[in-house]
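# Working through the structure, step by step
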Amino acid sequence: MGNTREVDKNTIVVTGGAGFIGSCFVRHIIKETRLSVINIDKLTYAGNLQSLASVEFNPRHMLVHGDISDSSVIEQVLDEYSPIAIVNLAAETHVDRSIDGAAPFIQSNIVGTFVMLEQSLRYWASLGASAKRDFRFVHVSTDEVFGTLGETGRFTEASSYAPNSPYSASKASSDHLVRAWHHTYGLPALISNCSNNFGPFQFPEKLIPLVIINALSGKALPVYGDGRNVRDWLYVEDHVRALVQILRNGAPGKTYVIGGDNEKTTLDVINAICDILDTTTSLEKNGSYRNLIRFVTDRPGHDYRYSVDSSLIQKELGWQPAESFESGLKQTIEWYIDNRQWWQNIFDNTYKLDRLGLFKYSERS
C-alpha cells in the first residue's frame, strides 16, 4: 500500500520566526502571499513577540512556543499541520556570545538542526509521490562558515568551509548535516548563506542597532580594534525576498549565497550612522556623533573580511537587492528613532548593553 498522507500546499513551517530575520520573513509571507505560517520559536532573549505584532491576530499565523531540539514538538507540528515546506531560521547567532559560552550554539544550531532534519525526513517519507516532489526544506545559514578573506576575493557557493568562531563552526556543522541528509536520504533540502543583515527589529547586541541606540542615548560608540574589518551588508527585507525565491524556485541540493554587494569597514558603518544622525537629530554639547567613537580591544579571532558573490542567485532565480546600503541604513535609523519603546522594553527586561566576547576563561560558561 502506497503512502497516502496529504499536505497542505498553503502552509509552511518557519522556525525562529520571532527573531530578527525570522520575524521579517513571517511578516513578508503574511503580507505578500496567501500562505499560512506555523511559527516555531523558543522565545529566548532574542525572540521578540513585539516584532510579530502586525501579524499577531492574523488567522494565517500560528505561533508555537517550542524548541527545535525537542523532537516531540517538531513531530507534533509536522503531523498536525502537514506543511508543504520548512524554512529553518532558528539559531543562536551572535559571535561574541559564542565566545563567552558555546554550549547554546551547539545545542540550537547543531542538535536543533539534526532534530529538524530527522523529523522532516520522517514526515517527508510519509508523503505521496507528488507531495514528495513539491516538499522543500530551506536551511538559512551565514557566510561566516567560509572563514575570512584577505584584501581580495569573494565567497561563492564553491568556497571551502573554514569557520573561525564557535558560532560559525556550529553553523558550518548544521550546513554539513543538511547537505548529508539531502545526498544520503534524498530530502529535498537547500542551503542559503547570507552576509551581515541589518534593518528594523534587529536585537541591540548587533553592530548597527547597538551604534544607533548608543548614539541616541549619548553613549560611547565602541569600535573593535582599528575598525578596518570588512563586512558585506544586506538589508533584511532583501534577504527575505531572496529566501522566498529559493523556497519557490530553488533546486534541491543546491546552495545559494546572498549578499548586498555593500562592502564596508566597521568604521565606515559607524561613521555613516553618525553622519545620518547628525542631519536628523542633535547631540547636546558634543557636536557630531562621531565624537562618541571609542576604539576598544578587538574581538578574539576577529575575521578580517567577508565578501559575497551573489551572481548565482541573481542569474538562476532573478533576485536582486532593492536597497543600497545607504537607503537601507536611512530606513533602519528612522525606524529605531520612531520605535524607541521597542528597544527600551528590551533593555528593561533582558539586555543591558554589556560588552560580550572578551573571553576570560575563568568566567566562561
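Whatever comes next refers back to the structure up there.
Now for a look at the structure at hand. (Residues numbered from 1 in each chain as written. Predicted model: local features only at pLDDT ≥ 70, side-chain atom pairs only at ≥ 80, totals over all residues. Heavy atoms only, no water.)

## Focus: the sheet that holds strand 4 (residues 83-88)
- The sheet built from seven strands is open, its strands ordered 3-2-1-4-5-6-10 with parallel pairing. Every interior strand has two partners, whereas the edge strands, strand 3 (61-65) and strand 10 (255-258), have only one. The average undirected angle you get between the axes of adjacent strands in this sheet is 20°.
- Pairing analysis gives five bridges linking strand 1 (residues 8-15) to strand 4, with the strands arranged parallel. Considered in strand 4, the bridge of Val14 is made with Val87. (Pairing = 2+ DSSP bridges. Helix = DSSP H or I, 4+ residues; strand = E, 2+ residues; numbered from the N terminus. Axes fitted to C-alpha atoms, helices over the stretch in contact; angles between N-to-C directions.)

## Quick look at the nonpolar core
- Counting residues in hydrophobic clusters, the biggest one holds 63 residues, and the most contacted among them are Ile12, Phe25, Phe137, Leu187, Ile246 and Ile258.
- In this structure, Phe201, Ala215, Ile293 and Trp342 belong to the second largest nonpolar core, which totals 31 residues. (Core = buried A, V, L, I, M, F, W, Y, C linked by side-chain atoms within 4.5 Å. Buried < 20%, exposed > 50% of the residue type's maximum accessible area, 1.4 Å probe, protein only.)

## Topic: the environment of Ser159
- For Ser159, the position within the fold is in the loop between strand 5 (136-142) and helix 6 (166-185).
- Once the C-alpha coordinates of Ser159 and Ala322 are considered, the two residues, 163 residues apart in sequence, prove to be 25 Å apart.
- Residues in contact with Ser159, not counting those within four places in the same chain, are Phe146 and Arg154.
- A distance of 2.8 Å separates a polar atom in the side chain of Ser159 from the backbone nitrogen of Thr156. (Contact = heavy atoms within 4.5 Å. Polar contact = N/O pair within 3.5 Å; in protein donor to acceptor, adjacent residues only side chain to side chain.)

## Regarding the pattern of salt bridges
- Scanning all chains against the criterion turns up eleven salt bridges.
- In this structure, Asp67 and Lys42 form a salt bridge, with 3.4 Å as the shortest nitrogen-oxygen distance. Residue Asp67 is located in the loop between strand 3 and helix 2 (71-81), and its partner Lys42 is located in the loop between strand 2 (36-41) and strand 3; the two are separated by 25 residues in the primary sequence.
- With a relative accessible area of 41%, Lys42 lands in the partly exposed category. (Salt bridge = Lys/Arg side-chain N within 4 Å of Asp/Glu carboxyl O.)

## A look at the side chain of Gln202
- Within the secondary structure layout, Gln202 lies in the loop between strand 7 (196-198) and helix 7 (207-216).
- A polar contact of 3.2 Å, which involves the side chain of Gln202, links it to the backbone oxygen of Asn197.
- What Gln202 contacts, discounting residues up to four positions off in sequence, is Phe20, Asn197, Pro209, Tyr336 and Trp342.

## Regarding the packing of aromatic side chains
- A complete count under the given rule lists 17 aromatic pairs for this structure.
- Pairing Phe155 with Tyr306 gives two aromatic rings, centres 6.1 Å apart and planes at 45°, and the pair type is tilted. Linking Phe155 in the loop between strand 5 and helix 6 with Tyr306 in the loop between strand 12 (293-296) and helix 10 (311-317), this pair joins segments that are 151 residues apart in sequence. Summarising the burial analysis for this pair, Phe155 and Tyr306 share the class buried.
- Its guanidinium or amino end placed over the ring of Trp124, Lys132 lies 5.0 Å from that ring's centre, counting from NZ or CZ.
- The ring of Tyr306 is capped by Arg231, whose NZ or CZ atom sits 3.8 Å from the centre of that ring. (Phe/Tyr/Trp six-rings, centres within 6.5 Å; stacked < 30°, edge-to-face > 60°. Lys NZ or Arg CZ within 6 Å of the ring centre and 35° of its normal.)

## What to know about the sheet that holds strand 9 (residues 230-235)
- Taken in spatial order, the three strands line up as 7-9-11 in an open sheet, and their pairing is mixed. Edge positions in the sheet fall to strand 7 and strand 11 (263-265), since each of these pairs with one other strand and no more. Here the strands of the sheet are splayed against their neighbours by 50° on average, with no regard to which way each runs.
- Two elements, strand 9 and strand 11, share three bridges in a ladder whose sense is antiparallel.

## Examining the packing of helix 2 against helix 4 (residues 103-125)
- As a packed pair, helix 2 and helix 4 sit with axes 10 Å apart at the nearest point and diverge in direction by 35°. Both helix 2 and helix 4 take part in a crossing whose hand is right-handed. Note on element contacts: helix 4 touches helix 2 through Val115, Met116, Gln119, Ser120, Arg122 and Tyr123, opposite Ser71, Ile74, Glu75, Leu78 and Asp79.
- Classifying every residue of the contact of helix 2 with helix 4 gives five nonpolar, three polar and three charged. (Left-handed = near helix turned anticlockwise from the far one by under 90°. Nonpolar A, V, L, I, M, F, W, Y, C, P; charged D, E, K, R; others polar.)

## Observations regarding helix 12 (residues 340-349)
- The set of residues buried in helix 12 consists of Trp342, Trp343, Ile346 and Phe347. In an axial view of helix 12, the angular spread of the buried residues amounts to 135°, which keeps them on one side of the axis. Helix 12 presents Gln341, Asp348 and Asn349 as exposed residues on the side facing more than 90 degrees away from its buried surface.
- In this fold, the buried residues of helix 12 make contact with helix 7 and helix 11 (325-338). (Arc of directions from axis to C-beta.)

## Quick look at the environment of Glu92
- Of note, Glu92 is situated in the loop between strand 4 and helix 3 (95-100).
- Take Glu92: its relative accessible area is 11%, and that puts it in the buried class.
- In sequence terms Glu92 and Tyr224 are 132 residues apart; their C-alpha atoms lie 21 Å from each other.

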